[in-house]
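These are the residues of each chain, in order.
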Amino acid sequence: MNASPYRLPAPVRHVLSRLPGRPGAWLFAAGLNAGLKPHLDDDSRAQLLRKRLRLAVLDAGVAFDVAWNGRSFAAVTSKTAPDVVIGATLYDLGLLATRREDPDTLFFSRRLVMEGDTELGLLIKNTLDAIDR
């Protein structure tokens, strides 16, 4: 994996990896509901139904799980495996969130990882790409 220009130091990872995931998952769900939900068409909503999405902050050692419940994204805590995992460093996720970097660029430079149901991951990526800046 090509190194991100910035990675959290090991002591910070040590602390962050011990924090409970539920508050972060709530924030992740709220972000998806604010930014992605309004742009989902009926077909996309049907494809997302009860699918689990994990956002992994690789250098922080934390992950946040959400699922589409038919009306909105909600934090989930069960130990079942997610359908798709999207992971990157905190720095690279910040670049994506602020649209200072394209997900394809990060993916092909191996700084963005997608595992599991890649069709589901691409559905989310393409929906985000279609949103006007």
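Owing to the predicted nature of the structure, the values given are computational and were not obtained by experimental measurement.

Rules and cut-offs
Residues numbered from 1 in each chain as written. Predicted model: local features only at pLDDT ≥ 70, side-chain atom pairs only at ≥ 80, totals over all residues. Heavy atoms only, no water. Helix = DSSP H or I, 4+ residues; strand = E, 2+ residues; numbered from the N terminus. Rg over C-alpha atoms; globule rule 2.2 N^0.38 Å. Contact = heavy atoms within 4.5 Å. Areas by Shrake-Rupley, 256 points an atom, 1.4 Å probe, with all protein chains shown as cover. Lys, Arg positive; Asp, Glu negative; His and termini not counted. Charge placed at Lys NZ, Arg CZ, Asp CG, Glu CD. Pairing = 2+ DSSP bridges. Axes fitted to C-alpha atoms, helices over the stretch in contact; angles between N-to-C directions. Salt bridge = Lys/Arg side-chain N within 4 Å of Asp/Glu carboxyl O. Buried < 20%, exposed > 50% of the residue type's maximum accessible area, 1.4 Å probe, protein only. Expected span 1.5 Å × (residues − 1). Arc of directions from axis to C-beta. Core = buried A, V, L, I, M, F, W, Y, C linked by side-chain atoms within 4.5 Å.

1. Notes on the overall build of the protein chain
A count of helices and strands for the protein chain gives six helices and five strands. Along the chain direction, N to C, the helices and strands of the protein chain fall in the order α-α-α-β-β-β-β-α-α-β-α. Here the protein chain has a C-alpha radius of gyration of 14 Å; the compact-globule value for 133 residues is 14 Å, and the two agree. In terms of overall dimensions, the protein chain has C-alpha extents of about 45 × 30 × 25 Å along its principal axes. Summarising the internal contacts of the protein chain: among those between residues at least 6 apart in sequence, 70% fall at separations of at least 24. Total accessible area computed for the protein chain in this model is approximately 7,900 Å², and 57% of it derives from carbon and sulfur atoms. Charge-centre separation for the protein chain: the mean point of 18 positive side chains lies 9 Å from the mean point of 15 negative side chains.

2. Description of the sheet that holds strand 2 (residues 62-68)
Strand order in the open sheet formed by five strands is 3-2-1-4-5, with mixed pairing between adjacent strands. Where the open sheet ends on each side, the last strands, each with one partner, are strand 3 (73-75) and strand 5 (112-116). Each neighbouring strand pair of the sheet contributes to a mean axis angle of 25°, computed without reference to strand direction. When strand 1 (residues 52-57) meets strand 4 (residues 84-88), the two strands line up parallel, connected through five bridges. Bridged to Leu55 within strand 4 is Ile86. In the packing of helix 4 (residues 90-97) onto the sheet, the strands contacted are strand 1, strand 4 and strand 5, and the crossing angle to strand 1 comes to about 120°.

3. Examining the pattern of salt bridges
Under the counting rule described, the total for this entry stands at four salt bridges. With a shortest N-O distance of 2.4 Å, Asp92 and Arg111 are connected by a salt bridge. Within this pair, whereas Asp92 is found in helix 4, its partner Arg111 is found in the loop between helix 5 (103-108) and strand 5, the two being separated by 19 residues in sequence. As far as the burial class goes, Asp92 and Arg111 line up, both buried.

4. Some points on helix 2 (residues 22-35)
Working note: α-helix, 3.6 residues per turn, so residues spaced by three or four point in the same direction. Between its terminal C-alpha atoms helix 2 stretches 20 Å, which fits the 20 Å expected from 14 residues at 1.5 Å a residue. All buried positions along helix 2 are accounted for by Gly24, Ala25, Phe28, Ala29 and Leu32. Taken down its axis, helix 2 places every buried residue within 140° of arc, on the same side. Pointing more than 90 degrees away from the buried face of helix 2 are the exposed residues Leu27 and Ala34.

5. As for the environment of Thr77
Along the polypeptide, Thr77 turns up in the loop between strand 3 and strand 4. Thr77 sits 45 residues away from Leu122 along the chain, and the two C-alpha atoms are 24 Å apart.

6. Concerning the nonpolar core
Ranked by size, the top nonpolar core spans 27 residues in total, and within it Phe28, Leu32, Leu48, Leu53, Val66 and Phe73 carry the most contacts. Ignoring anything within four residues of it in the chain, the contact list for Leu48 reads Leu40, Trp68, Phe73, Leu120, Leu123 and Ile124.

Note that every value here comes from positions in space, so none of it alone points to a role or purpose.
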